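# Inside the fold
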Amino acid sequence: MTAAALGSVQYWEDVADRTWGRYIVAAETDAITEAQAAAPPPKHALDVGCGGGRWTDLLLEHGWSVTAVDVDPEALATCAGRNPAAEPVLVDPHDETLAAADHSVAVVVCIEVLPVTHSDWFCREASRVLVPGGRLVTVAWNRSSLRGRAAGARRRLREGRQHEHYQTSYRPWRRRLVEAGFRIEAERGLCWFPFGRASDSRLVPFCVAVERRLGLCRLPALSPWVLVTAVRGTTVR
Ligand SMILES: C[S@@+](CC[C@H](N)C(=O)[O-])C[C@H]1O[C@@H](n2cnc3c(N)ncnc32)[C@H](O)[C@@H]1O
């Protein structure tokens, strides 16, 4: 484990440097890099749950202006220190709207922000703030995956409650996204092997190679995590 408090901004920075974290960050970097290259103008992005500012940094490097949003003042200060050009916005955990005007951004990234991605309001709000053709990149957790089922069963047995990450199956979540006016552009299934988020196991590169060789990333409906890129359509149903 890292010395930083679980869930703190330093914790997420530390885990990103471990073998499992590097695998996840590499996939997320590819997805965001591709999405920003394909997005139409204006070159303005919203980084929801920006944490220490990794994705804000990436987008700024690609010439975007970025509004970086978080509920944690410490995370937002870290992001602002790393990215003075970004606009930092502190939001309330109970907010059910995104901090942007209608059709004002061309990329929304919301990476590993469970309470937002799996909320009832997020898909609708992402659709509201994006311009037609704008890209949403987010991570969904899948209760219907083997890993999700096992984690859920373990949590129910030990603590008599649902697992906080694996509460929704990917298919209904995806349906909500489509109903909000999105077309799915890319889906990458991730995290098939049961490493903890902070794992630094030397087995990770081997397991990731097996995951790739077996093409498991192409099975989103069964994947524990799904990294999704969606395009906002011109009309909303
Ligand atoms: C796992 S970290 C991910 C940080 C960053 N997206 C990344 O991938 O490096 C989750 C972040 O989401 C933030 N967060 C949690 N709930 C939020 C909400 N309702 N609105 C905005 N940010 C939120 C947390 O404070 C934390 O900084």
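Residues numbered from 1 in each chain as written. Predicted model: local features only at pLDDT ≥ 70, side-chain atom pairs only at ≥ 80, totals over all residues. Heavy atoms only, no water.

## Quick notes on the packing of aromatic side chains
Across all of its chains, the model carries 6 aromatic pairs by this definition. Centroid distance Tyr-11 to Trp-12: 4.9 Å. Interplanar angle 80 degrees. Geometry classified as edge-to-face. The class for Tyr-11 is buried, based on a relative accessible area of 5%. (Phe/Tyr/Trp six-rings, centres within 6.5 Å; stacked < 30°, edge-to-face > 60°. Buried < 20%, exposed > 50% of the residue type's maximum accessible area, 1.4 Å probe, protein only.)

## With respect to the environment of Gln-167
In this structure, Gln-167 sits in the loop between helix 7 (146–159) and helix 8 (170–179). With relative accessibility at 38%, the residue Gln-167 sits in the partly exposed group. Separated by 36 residues in sequence, Gln-167 and Val-131 have C-alpha atoms that sit 30 Å apart. Other than its neighbours up to four places away in sequence, Gln-167 contacts Arg-143 and Gln-162. (Helix = DSSP H or I, 4+ residues; strand = E, 2+ residues; numbered from the N terminus. Contact = heavy atoms within 4.5 Å.)

## Some points on the sheet that holds strand 1 (residues 44–48)
Overall, mixed pairing links the 7 strands, which are arranged 3-2-1-4-5-7-6 in an open sheet. Looking along the sheet, the strands with just one partner apiece sit at the ends: strand 3 (87–90) and strand 6 (182–190). Across the sheet, the mean angle separating the axes of adjacent strands is 15 degrees when strand polarity is ignored. Packing of helix 2 (residues 19–38) onto the sheet brings it into contact with strand 4 (105–110), strand 5 (130–141), strand 6 and strand 7 (225–232), and relative to strand 7 it is tilted by some 5 degrees. With respect to the sheet, helix 3 (residues 54–61) is in contact with strand 1, strand 2 (65–70) and strand 4, its orientation differing from that of strand 2 by roughly 175 degrees. (Pairing = 2+ DSSP bridges. Axes fitted to C-alpha atoms, helices over the stretch in contact; angles between N-to-C directions.)

## Concerning the environment of Ala-150
Within the secondary structure, Ala-150 is located in helix 7. Along the primary structure Ala-150 and Ile-184 are separated by 34 residues, whereas in three dimensions their C-alpha atoms are 28 Å apart.

## Quick word on the site of the ligand
The local shell around the ligand holds 14 residues, among which Gly-49, Trp-55, Asp-70, Ile-111 and Glu-112 are the closest. Gly-49 has a polar backbone atom sitting 2.6 Å from a nitrogen atom of the ligand. Within the side chain of Asp-70, one N or O atom sits 2.5 Å away from an oxygen atom of the ligand. About the coverage of the ligand: the protein hides 86% of its 610 Å² of free accessible area. Residue composition of the shell around the ligand, by class: 9 nonpolar, 2 polar and 3 charged. (Near = heavy atom within 4 Å. Polar contact = N/O pair within 3.5 Å; in protein donor to acceptor, adjacent residues only side chain to side chain. Areas by Shrake-Rupley, 256 points an atom, 1.4 Å probe, with all protein chains shown as cover. Nonpolar A, V, L, I, M, F, W, Y, C, P; charged D, E, K, R; others polar.)

## Notes on the environment of Asp-120
By the element assignment, Asp-120 lies in the loop between helix 5 (114–117) and helix 6 (122–129). Residue classification places Asp-120 among the exposed positions, given a relative accessible area of 65%. For the pair Asp-120 and Glu-96, spaced 24 residues apart in the sequence, the C-alpha separation amounts to 8.7 Å.

## A look at the layout of surface pockets
The calculated volume of the second largest pocket comes to roughly 180 Å³. Mapped by element, the contributors of at least two residues to the lining of the second largest pocket are helix 2, strand 6 and helix 9 (204–213). Broken down by element, the lining of the second largest pocket gets its largest block of residues, 4 residues, from helix 2. Tallied by class, residues from the lining of the second largest pocket come to 6 nonpolar, 1 polar and 4 charged. (1 Å grid on protein atoms, 1.4 Å probe; cavity = no way out; pocket = protein on both sides within 12 Å on 5 of 7 lines; lining within 4 Å. Points joined across faces, edges and corners; volume = space filled by probe spheres on them.)

## Things to note about the side chain of Ser-145
On the secondary structure map, Ser-145 appears in the loop between strand 5 and helix 7. Ignoring anything within four residues of it in the chain, the contact list for Ser-145 reads Tyr-166, Leu-222, Ser-223 and Pro-224.

## Here we look at the UniProt feature "domain: Methyltransferase type" (unreviewed entry) in the chain
Per the UniProt record, "domain: Methyltransferase type" (unreviewed entry) is annotated on residues 46–137. The distance separating the terminal C-alpha atoms of residues 46–137 is 11 Å; by composition the span is 33% helix and 29% strand. (UniProt positions renumbered as here; feature names shortened; annotations may be inferred.)

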